[in-house]
Amino acid sequence: MNQTTTTDPKSSARAYTHPGLPEPADKDYAVIGKSKPKIDARVKVTGQARYTADLKFPNMIYGKILTSPHAHARILSIDTSEAEKIPGVKAVITHKDVPTLKYGISPARWDENIFCIDTVKFVGDKVAAVACIDEETCYKALKAIKVEYEVLPAVLDPLHAMDEDAPQIHPEYPLNKNTEIHQDFGDVDEAFSKADYVRTDTFIGNRTYQAPLEPHTATSIWQDGKLTVYSSTQSPHYFQYYIAREFGLPMGDVRIIKTYVGGGFGGKLEPTGLEFAGAVLARLTGRPVKMFYDRAEMFAHNRGRHRQYMKLTTGVKANGRILGVHADFIMDGGAYTSLGIASAYYAGAMLTLTYDFENYRFDMNRVYTNLPACGAQRGHGAPQPRYAFEAHLDNIAKELGIDPVEIRLLNARKPNTVTPNAFVVNSCEMVACLEQARDVSGWAEKKGKLPAGHGIGIATGSFVSGAGYPIYRTDLPQSAAMIKVAEDGTAATLYTGATDIGQGSDTVLCQMAAEAMGYTYEQMKIVAADTETTPHDFGAYSSRQTLMSGAAVKEAGDDVKKQLLEMAGEMLNLPPELLDVRSGKISAKDNPETTLTFEEAARTFFVKKGPLMGRGSYAPPKLGGRHKGAPVGTSPAYSFAAQVSEVEIDEETGEVAVLDVWDVHDCGQVINPALLHAQVHGALYMGMGESIWEEVRFDANGKIQNPTLGEYRLPTALDMPRMHSSLVPSYEPAGPWGVKEVGEGATIPTMGCFRNAIFDAMGVSVNSLPLTQEKVWAALREKRKADGEDVWDPMACECFIE
Amino acid sequence: MQTISDKQGVKRYLINLTVNGDEYSPVIKGNTLLVNLLRDELDLTGTKKGCELGDCGSCTVLMDGKPVDSCLVLALEADGCEIITIEGVAQHGELDRLQRSFIDNAAIQCGYCTPGMILSAKALLTRNPHPTEPEVRAAISGNLCRCTGYVNIVKAVLDAAEATE
């Protein structure tokens, strides 16, 4: 990770002709583009939907993990004898009972053990586990395990993690450097020398947590040498791959079944101690073992958003045209890698998307600390650097006397362009998004004309529609799908490895299957995310499924349609190319009187030829440049968005009330408008929480101070502003029917958008997230002091002096 | 209340309660939570556990018509009470208007908060059939949702109220 690469943007962007289809003239779709009800809505409103923790198996027992109370300590001894004597305790395991092979989700840094061997590295690190006849006995057994520790000095401040005298967390990674990146595109120094104005700003991003409502749960069962794990997972495939690897099993002997999942947002992408420890406990006891994290354990396991220190330097012409950017970041990775290598690359890679500039340098150190590991949270590495850049850009605009919308329009990326770090952008409606956001928010009437305490801000964002490359190196396609039509043609089942964690992929993929087959959505059934019954798919991350899984599903649907029309042609004595099928009705293109139903043709097919099945798969074209880290951030397509928000600040208390947020998105063809806008609402909600309230905080010993949903301050229904979600027309040639992502993209502009609205309202910059009331209050106070106002200092007040 | 003791002298209590119209007489420990009685003993797993601290509201059930976090209620306290869980909201396979409205308004994503949301909303509409939007927001403010930003949930409750005579 230590090499510097310099790449000429022009040579790294290969000549690129997209294999996709041109935009169809006739977009009269029968099933897609319509707000169909979610396929799982009824089971979810009636309580029938079974999540992993709802499953019971005969002879099932319960398991819990013992974790470290220290941020950094050497394990001197572990005595499990007292725990083993407790009635109802079936097994107690430590590192001696499990494989010592290191694992992790990022193959470049496998640095975790199932249980700690020599040292514990954060409060919550895994030390031992128990399996017992009930939950209550588990807690008794955990208390009875005696672990002797020698407490070691801990690294809690990421800015000092690389100091020569800092304690070393992983001996194999000196100076606590987990990931070091130096990328250089074009000539940034020359760009700065040609600039009329060069500015540097520094910002800090907060450590946040995905906080899905459903706690992580896994139930492991061994039968005849095969391990089955029911899990609340975002990716059955990665779980299968890493669990098989850890236990030396063929992948075919590990079956991962996703149940309904109560949200993930990135936190359920990688296997946890629950799967690894559960598998061992289940093998030792010969019984199904249900493992679960409680809410505090979820916070400790974490894998949420990194705390990031972001220094940005930008050179611009006097008119605001960006010439070059230098991003210099430090990330607090926590004790392990998780998906953090990708997070580190994403942090810099995604900064080149929304504005078009040629010269870019990105330096990053992701450091180890004795805190819980960070990973991928909605928007992955992108939202905080985007906050920093959008704030930085508003500082520049203010200095140059340019309207924030105008400086963005001037620099906005155009379609069919290539970024300096070699991302090929096909469709891109950045300009249209900015203009529409400006217009629907009433920017012109509001900017500079709002009453005192009110402000309006704008920011942009962009995100991948699926990571161009899987997390570990493999030539497997990204997605595959099968469709099986029932013998009598009255139903069709889609088999897909795509993973619905609430975002609605089961629904949109069934709509896409029905559209491609010429069938109805209402007759579709789905079997998804079970590694034994469904074809391979990498799962729910990087906003990949609508485009990638959708492409595989479309191909499978087209395959069914072709076979069906061949049979219908035989039945009607017509060449199949003269026939079409739509909403379950087959008709001759030149003679609407000639008809046959889907059911009739499908039934005849089964009688004469056997099962009517369609197959499809999707692999993206080779993407990206040749520099180190080039694959991270590549994608077949990118979404674009602009957000405007209006805020009201209480000048006395610093309280920020967000009144309205307008999100305008370029996300290609929409499959299900209702679900799409619901994704925007949810992304805005998370973005808003992270912007104003949410932060995982630690005490001086590295222990989480607020591991509850209340103290972490998850926003409630009373905290939310008015949200307005709208779209610009867009078509993406790389996506089936022209689709792109939406689910993560709408989180990305939010933090910067709020900061800029506060900046507009009060003229103060809050340079760290979250933009809390305290920080706004303190910034206002500093400003008053600077303005020569006599400011009351509460800390100097006699009531505070003991 | 009838009690029996196990070998260690830990007491068990026989309680009587009605759940979704059916009468049950389970034998429980003093520290058994209502949520665990419903999920583990009665197999009513529609009631979810999200925090076990009363923060998230996923375990909301109606206890004598009032919404409660069943993770904060001892099963003992439910003796003699009428409990409605999400499984008791649809009648004879007919969805309640709130359930219908949640579907029609795309108010469901992962679905983990949905049972609790519907029960809190049901309690609201029972005592206040035509609430204002702030009243709806206040009524569900004890139910966290991580997916929807509450936008479509609020809309669903207001729509269901509008459909009420």
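As the structure is a computational prediction, the values presented were derived from the model and not from experiment.

Peer 1: When you look at the overall build of chain A in this model, what are you seeing that I'm missing?
Peer 2: Broken down by element type, chain A carries 20 helices and 29 strands. What you see for chain A is a C-alpha radius of gyration of 27 Å, in line with the 28 Å of a compact globule of 802 residues. Each of the three principal axes of chain A carries a C-alpha extent, and together these read 95 × 75 × 50 Å. Across the 802 residues that make up chain A, the buried fraction comes to 66%.

Peer 1: When you look at the sheet that holds strand E24 (residues 585-588) of chain A in this model, what are you seeing that I'm missing?
Peer 2: Hydrogen bonds between backbone groups are what pair the strands of a sheet, and the pairing can be parallel or antiparallel. Residue and element names in this part refer to chain A. With respect to topology, three strands assemble into an open sheet ordered E23-E24-E25, the strand pairing being antiparallel. Pairing within the sheet leaves two strands with one partner each, and these edge strands are strand E23 (579-582) and strand E25 (591-597). Taken over all neighbouring pairs, the strand axes of this sheet differ in orientation by 30 degrees on average, direction set aside. Sheet topology places E24 next to E25; four bridges connect them, and they run antiparallel. Residue pairing across strands places Ser587 opposite Thr595, the latter belonging to E25. Against the sheet, helix H15 (residues 545-572) contacts E23, E24 and E25, and its axis sits at roughly 125 degrees relative to E23.

Peer 1: Is there a simple way to explain the sheet that holds strand E3 (residues 73-79) of chain A in this structure?
Peer 2: Residues and elements named next belong to chain A. Pairing is antiparallel in the open sheet, where three strands are placed in the order E5-E3-E7. The outermost strands of the open sheet, each flanked by one partner alone, are strand E5 (119-120) and strand E7 (146-151). Looking at chain direction, E3 and E5 are connected through two bridges and run antiparallel. Following the sheet pairing, Ala73 is matched in E5 by Val120.

Peer 1: Sorry if this is basic, but what is going on with the packing of aromatic side chains here?
Peer 2: Each aromatic ring pair is described using two quantities: the centre-to-centre distance and the angle formed by the ring planes. Residues and elements named next belong to chain A. On inspection of all chains with the given rule, the structure shows 25 aromatic pairs over all chains. Taking 6.2 Å as the distance between ring centres and 80 degrees as the angle between the ring planes, the aromatic pair formed by Phe122 and Tyr336 counts as edge-to-face. With Phe122 in the loop between E5 and strand E6 (126-132) and Tyr336 in the loop between strand E15 (322-334) and helix H9 (340-349), this residue pair connects regions lying 214 residues apart in the sequence. Phe122 gets classed as buried once you look at its relative accessible area, which sits at 3%. Residue Tyr336 is classed as buried on the basis of its relative accessible area, which comes to 5%. Taken together, the ring pairs in this structure connect Trp110, Tyr238, Tyr241, Tyr242, Tyr472, Phe538 and Tyr541 into an aromatic cluster. When the ring centre of Trp110 is taken as reference, the NZ or CZ atom of Arg245 above it lies at 3.5 Å. A cation over an aromatic ring shows up here: Arg755 above the ring of Phe759, its NZ or CZ 4.3 Å from the ring centre.

Peer 1: Sorry, what's going on with helix H3 (residues 114-127) of chain B here?
Peer 2: Each α-helix turn comprises 3.6 residues. Residues three or four places apart therefore point the same way. All names here are of chain B. For H3, with 14 residues, the first-to-last C-alpha span of 20 Å sits near the 20 Å given by 1.5 Å per residue. Counting buried positions along H3 gives 11 out of 14 residues, so the element sits mostly inside the fold. Residues of H3 that are buried: Thr114, Pro115, Gly116, Met117, Ile118, Leu119, Ser120, Ala121, Ala123, Leu124 and Leu125.

Peer 1: Even after reading the chapter, I still don't get the pattern of salt bridges, so can you show me in this structure?
Peer 2: Where charged atoms from two side chains of opposite charge come close, those side chains can pair. Residue and element names in this part refer to chain A. With the rule as written, the count across this model stands at 49 salt bridges over all chains. Lys64 is the partner of Glu297 in a salt bridge, and the nearest nitrogen-oxygen pair spans 2.6 Å. Taken together, the residues Glu297 in helix H8 (residues 295-301) and Lys64 in strand E2 (residues 61-67) connect sequence positions 233 residues apart. A cluster of three or more residues bridged by salt bridges with shared partners is formed by Glu112, Lys126, Glu270 and Arg303.

Peer 1: Just to check I follow, could you spell out the side chain of Glu180 of chain A for this structure?
Peer 2: Residues and elements named next belong to chain A. Within the secondary structure, Glu180 sits in strand E8 (residues 177-185). Since its relative accessible area comes to 13%, Glu180 is described here as buried. At 3.1 Å, the side chain of Glu180 forms a polar contact with the side chain of Lys177. In terms of polar contacts, Glu180 uses its side chain to reach the side chain of His182, at 2.8 Å.

Peer 1: How should I be thinking about the environment of Arg245 of chain A in this particular structure?
Peer 2: Residue and element names in this part refer to chain A. Positionally, Arg245 belongs in helix H6 (residues 236-247). Once the C-alpha coordinates of Arg245 and Pro58 are considered, the two residues, 187 residues apart in sequence, prove to be 28 Å apart. Residues within four places of Arg245 in sequence aside, it is in contact with Leu101, Lys102, Tyr103 and Trp110.

Peer 1: Where do I start with unusual backbone geometry in this structure?
Peer 2: When glycine is set aside, most residues are seen to have a negative phi, and most peptide bonds are trans. Residue and element names in this part refer to chain A. Here the bond from Leu769 into Pro770 is cis, since omega is -10 degrees, no more than 30 degrees from zero. Considering the arrangement of structural elements, one finds Pro770 in the loop between helix H19 (750-762) and helix H20 (773-786). Its identity as a non-glycine residue notwithstanding, Asn176 has a phi of 60 degrees, on the positive side. Along the chain, Asn176 turns up in the loop between E7 and E8.

Peer 1: Hey, could you run me through the packing of H6 of chain A against helix H7 (residues 273-285) of chain A in this one?
Peer 2: Geometry of a packed helix pair, given as the angle between the helix axes and the separation of the axes. Residue and element names in this part refer to chain A. Contact geometry for H6 and H7: axes closest at 11 Å, N-to-C directions at 55 degrees. Classed by the angle they form, the pair H6 and H7 counts as oblique. Classified by chirality, the crossing of H7 by H6 is right-handed. Note on element contacts: H7 touches H6 through Glu275, Phe276, Ala279, Val280 and Arg283, opposite Phe239, Tyr242, Ile243, Glu246 and Phe247. In terms of residue class, the contact of H6 with H7 is built from seven nonpolar, no polar and three charged.

Peer 1: Which parts of the structure should I look at to understand the interface of chain A and chain B?
Peer 2: The parts lose accessible area when they come together, and the size of an interface is often stated as this lost area. Taken together, the contacts link 51 residues of chain A with 46 residues of chain B. Of the roughly 3800 Å² buried where chain A meets chain B, counting both sides, 57% is carbon and sulfur surface. Interface area lost by chain A to chain B is led by Val45, Leu213 and Ala717 of chain A, which between them contribute 18%. Across the chain A-chain B interface, the total number found is five salt bridges. Lys56 of chain A is the partner of Asp43 of chain B in a salt bridge, and the nearest nitrogen-oxygen pair spans 4.0 Å. Taken together, the connections running from chain A to chain B amount to 23 residue pairs in polar contact (both at pLDDT 80 or more). For the side of chain A that touches chain B, the elements supplying multiple residues, two or more each, are helix H2 (41-46), helix H4 (135-144), helix H17 (673-692) and helix H18 (709-712) of chain A. Among the elements that take part in the side of chain A that touches chain B, H17 of chain A stands out by supplying eight residues, more than any other. Counted by class, the side of chain A that touches chain B contains 27 nonpolar, 13 polar and 11 charged residues.

Peer 1: Just checking my understanding: could you explain the state of the cysteines for this structure?
Peer 2: Note: disulfide means a covalent bond formed between the sulfur atoms of two cysteine side chains. Tallying each qualifying case throughout the model produces zero disulfides over all chains. Considering cysteine sulfurs only, Cys428 of chain A is the nearest to Cys433 of chain A, which forms no disulfide, with 7.9 Å between them. Cys81 of chain B takes part in no disulfide bond, and the closest cysteine sulfur to it belongs to Cys59 of chain B, at a distance of 16 Å.

Peer 1: Where do I start with the domain arrangement of chain A in this structure?
Peer 2: All names here are of chain A. By domain assignment, chain A separates into domain 1 (52-152 + 216-292), domain 2 (307-469 + 625-786) and domain 3 (478-618). Taken over C-alpha atoms, the centre of domain 1 sits 40 Å from the centre of domain 3. The interface of domain 1 with domain 3 comprises 18 residues on the first partner and 15 residues on the second. Taken as a group, Gln234, Arg255 and Lys258 account for 38% of the area that domain 1 buries against domain 3, more than any other trio of residues on that side. Applying the counting criterion to the domain 1 and domain 3 interface returns three salt bridges. Residue Lys226 is joined to Glu532 by a salt bridge in which the shortest nitrogen-to-oxygen separation is 2.9 Å.

About the thresholds
- Residues numbered from 1 in each chain as written.
- Chains lettered and ligands numbered in written order.
- Predicted model: local features only at pLDDT ≥ 70, side-chain atom pairs only at ≥ 80, totals over all residues.
- Heavy atoms only, no water.
- Helix = DSSP H or I, 4+ residues; strand = E, 2+ residues; numbered from the N terminus.
- Rg over C-alpha atoms; globule rule 2.2 N^0.38 Å.
- Buried < 20%, exposed > 50% of the residue type's maximum accessible area, 1.4 Å probe, protein only.
- Pairing = 2+ DSSP bridges.
- Axes fitted to C-alpha atoms, helices over the stretch in contact; angles between N-to-C directions.
- Contact = heavy atoms within 4.5 Å.
- Phe/Tyr/Trp six-rings, centres within 6.5 Å; stacked < 30°, edge-to-face > 60°.
- Lys NZ or Arg CZ within 6 Å of the ring centre and 35° of its normal.
- Expected span 1.5 Å × (residues − 1).
- Salt bridge = Lys/Arg side-chain N within 4 Å of Asp/Glu carboxyl O.
- Polar contact = N/O pair within 3.5 Å; in protein donor to acceptor, adjacent residues only side chain to side chain.
- Parallel < 35°, antiparallel > 145°, perpendicular 65-115°, else oblique.
- Left-handed = near helix turned anticlockwise from the far one by under 90°.
- Nonpolar A, V, L, I, M, F, W, Y, C, P; charged D, E, K, R; others polar.
- Buried area = accessible area lost by both parts, 1.4 Å probe.
- Disulfide = S-S within 2.5 Å.
- Domains from an automatic or database assignment.

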